[in-house]
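Residue-level structural notes
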Amino acid sequence: MIELVTEGVVLSRESGRRFDDRYIVFTKEAGKVTAHATGTRRIVSKLAPHLEPGTLAQLRIVRRSPDSGARIVDALEVSRRVDGEFMSLVRGVALLAPELERDIPLFTVLRAGVVFGIGGSRVVRPILARMGFDPVSASCASCGARSVAYFVPEDILFVCRICARRLPEGREVWRLS
């Protein structure tokens, strides 16, 4: 059995079968990890409140063998942040970050976002740069302008202020400045 005790930021939660949920967490030691937790949708679950998206938690993740799925067996909430702008960023990291690739600087930025409430472009720019989407050398995907103002995580593209107005209503965008 392989056991990992680490601090991690819960990025997302998806309903699994019956009372189980599937979580994506970004940990200090292993990077992005997809793991299941048993019984988290039961009303008496002691684990579920500590695994809400946007939560920094002390986690115990186990695997029976290297090729089996991971399970979260214990969690203790350290801090939580659920404002809309930060949650958008957390969903984007869940989408864009590679699985099981350790990235301590990215974890540090996410942790600072949860614990200290650091947000906006102070968090977005370093996260994009760590994932290989540095806004410094980017140009607008629509018109080619060199001054980008937004990143669209769903489409993985940069847009300028003018082109951002033409995006469909409700599209999730990250402001860069």
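Residues numbered from 1 in each chain as written. Predicted model: local features only at pLDDT ≥ 70, side-chain atom pairs only at ≥ 80, totals over all residues. Heavy atoms only, no water.

Things to note about helix H3 (residues 121-130)
Quick reminder: α-helices carry 3.6 residues per turn. Residues three or four places apart thus point the same way. Taken as a whole, H3 has its buried residues at Val123, Val124, Ile127 and Leu128. Projected down its long axis, H3 carries its buried residues within an arc of 120 degrees, all on one side. Here the buried face of H3 lies against helix H1 (84-96), helix H2 (104-115), strand S6 (150-152), strand S7 (157-159) and strand S8 (174-175). One or two steps after H3, the chain reaches glycine 132, where phi turns positive at roughly 90 degrees. (Buried < 20%, exposed > 50% of the residue type's maximum accessible area, 1.4 Å probe, protein only. Helix = DSSP H or I, 4+ residues; strand = E, 2+ residues; numbered from the N terminus. Arc of directions from axis to C-beta. Contact = heavy atoms within 4.5 Å.)

Here's the deal with the packing of aromatic side chains
How two aromatic rings sit relative to each other is set out by the distance from centre to centre and by the angle between their planes. Counted by the stated rule, this structure contains 3 aromatic pairs. An angle of 45 degrees between the planes, with centres 5.6 Å apart, marks the rings of phenylalanine 151 and tryptophan 174 as tilted. Of this pair, phenylalanine 151 sits in strand S6 while tryptophan 174 sits in strand S8, and the two are 23 residues apart along the sequence. Each member of the pair phenylalanine 151 and tryptophan 174 is classed as buried. Within the aromatic cluster, the residues linked to one another by ring pairs are Phe133, Phe151, Phe158 and Trp174. (Phe/Tyr/Trp six-rings, centres within 6.5 Å; stacked < 30°, edge-to-face > 60°.)

A word on the nonpolar core
If you look at the biggest cluster of nonpolar residues, it comprises 28 residues, and the most contacted ones within it are Leu11, Phe26, Val93 and Ile127. Of all the secondary-structure elements, those providing two or more residues to this core are strand S1 (2-15), strand S2 (21-27), H1, H2 and H3. In this view, leucine 11 contacts Ile24, Val25, Phe26, Lys32, Pro53, Val90, Val93, Ala94 and Leu110; residues no more than four positions away in its chain are not counted. The next biggest cluster of nonpolar side chains, apart from the first, holds 15 residues, and it includes Val33, Ala57, Ile72 and Ala75. (Core = buried A, V, L, I, M, F, W, Y, C linked by side-chain atoms within 4.5 Å.)

Comments concerning the pattern of salt bridges
Inspection of the entire model under this criterion finds 10 salt bridges. One salt bridge connects aspartate 83 with arginine 81, and the closest N-O pair in it is separated by 2.5 Å. Of the residues examined, arginine 81 reaches a relative accessible area of 12% and is grouped as buried. Taking the shortest distance from any N to any O, the salt bridge between aspartate 103 and arginine 130 comes out at 2.9 Å. Of this pair, aspartate 103 sits in the loop between H1 and H2 while arginine 130 is found in helix H3, placing the two residues 27 residues apart along the sequence. The buried category is assigned to aspartate 103, whose relative accessible area is 11%. (Salt bridge = Lys/Arg side-chain N within 4 Å of Asp/Glu carboxyl O.)

Some details on the sheet that holds S8
Read from one edge of the open sheet, 3 strands run S7-S6-S8, paired in antiparallel fashion. Among the strands making up the open sheet, the edge pair consists of S7 and S8. Both S6 and S7 contribute to a ladder of 3 bridges, which runs antiparallel. Each residue of the ladder has a partner; that of valine 152, found in S7, is leucine 157. (Pairing = 2+ DSSP bridges.)

Describing unusual backbone geometry
Positive phi values are uncommon outside glycine, yet arginine 18 reaches one of about 45 degrees. Looking at where arginine 18 falls in the secondary structure, it is placed in the loop between S1 and S2. The phi angle at leucine 100 is positive, at roughly 55 degrees, despite the residue not being glycine. Position of leucine 100 among the secondary structure elements: in the loop between H1 and H2.

Looking at H1
For H1, built from 13 residues, the straight-helix expectation of 18 Å at 1.5 Å per residue is met to within 8% by its first-to-last C-alpha distance of 18 Å. Residues of H1 that are buried: Phe86, Met87, Ser88, Leu89, Val90, Gly92, Val93, Ala94 and Leu96. (Expected span 1.5 Å × (residues − 1).)

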